[in-house]
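So you can see what is in the structure, the chains are spelled out below.
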Amino acid sequence: QVQLVESGGGLVQAGGSLRLSCAASGRTFSYYHMAWFRQAPGKEREFVAAISWSGGSTYYADSVQGRFTISRDNAKNTVYLQMNSLKPEDTAVYYCAARPSSTPWIKGSMTRARESYEYWGQGTQVTVSS
């Protein structure tokens, strides 16, 4: 079992920045590939970014490429999402998720799919005002 707790959400103006954190507890953090998803009101939960268990590879949705950066610190059992140049359309609840590193690390549909992830946090709200 892995428990995930997100923090760092809030209200920010368009063009601003936020850094989200996701603290993990339970099983060894480095055994898991990690990802961030988001869900806006009335929309499905969508993939934002993912990072391999070692931190050596990352993958982004086209909508955030170049603006968001995912990173992890395995010594601190934490994954981060640095969000820059925020837009009103980035407004959503942001969730972190984990899947075992025994599953393939592939930059494609498997990594983007919600169904690939076993563990989820409770989410943190990000609101970007125009």
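Residues numbered from 1 in each chain as written. Predicted model: local features only at pLDDT ≥ 70, side-chain atom pairs only at ≥ 80, totals over all residues. Heavy atoms only, no water.

Some words on the pairing of strand β9 (residues 92–100)
Stage number 1. Most of β9 is tucked away: eight of the nine residues are buried.
Stage number 2. Judged from the eight bridges that link them, strand β4 (residues 32–39) and β9 form a sheet pairing that is antiparallel. Bridge pairing in β9 places Phe 37 opposite Tyr 95.
Stage number 3. Of the strand pairs in this sheet, β9 and strand β11 (residues 124–129) are connected by three bridges, and their pairing is antiparallel. When the sheet's bridge partners are listed, Ala 92 is paired in β11 with Val 126.
Stage number 4. Sheet topology places β9 next to strand β10 (residues 119–120); two bridges connect them, and they run antiparallel. Counterpart to Ala 97 in the pairing with β10 is Trp 120. (Buried < 20%, exposed > 50% of the residue type's maximum accessible area, 1.4 Å probe, protein only. Helix = DSSP H or I, 4+ residues; strand = E, 2+ residues; numbered from the N terminus. Pairing = 2+ DSSP bridges.)

Brief notes about the packing of aromatic side chains
Stage number 1. Applying the stated criterion across every chain yields a total of six aromatic pairs.
Stage number 2. Between the aromatic rings of Tyr 32 and Tyr 119, the centroid separation amounts to 6.0 Å while the plane-to-plane angle is 80°, which identifies the pairing as edge-to-face. Pair noted here: Tyr 32 is in strand β4 and Tyr 119 is in strand β10, with a separation of 87 residues, a long-range link.
Stage number 3. A relative accessible area of 4% places Tyr 32 in the buried class.
Stage number 4. Look at Tyr 119 and you get buried, because its relative accessible area is 15%. (Phe/Tyr/Trp six-rings, centres within 6.5 Å; stacked < 30°, edge-to-face > 60°.)

Here we look at the side chain of Asp 90
Stage number 1. Looking at the secondary structure, you find Asp 90 in the loop between β8 (78–83) and β9.
Stage number 2. At 2.9 Å, the side chain of Asp 90 and the side chain of Arg 38 are in polar contact.
Stage number 3. Residues within four places of Asp 90 in sequence aside, it is in contact with Arg 38, Arg 67, Phe 68, Ser 85, Val 126 and Val 128. (Polar contact = N/O pair within 3.5 Å; in protein donor to acceptor, adjacent residues only side chain to side chain. Contact = heavy atoms within 4.5 Å.)

Let's talk about the sheet that holds strand β1 (residues 2–7)
Stage number 1. Strand order across the open sheet formed by four strands is β1-β3-β8-β7, with antiparallel pairing between neighbours. Sheet topology places β1 and β7 (68–73) at the edges, where each strand pairs with a single neighbour. The average undirected angle you get between the axes of adjacent strands in this sheet is 15°.
Stage number 2. Across six bridges, β1 lies against strand β3 (residues 18–26) in antiparallel orientation. Each bridged residue has a counterpart across the sheet, and for Leu 4 the counterpart in β3 is Ala 24. (Axes fitted to C-alpha atoms, helices over the stretch in contact; angles between N-to-C directions.)

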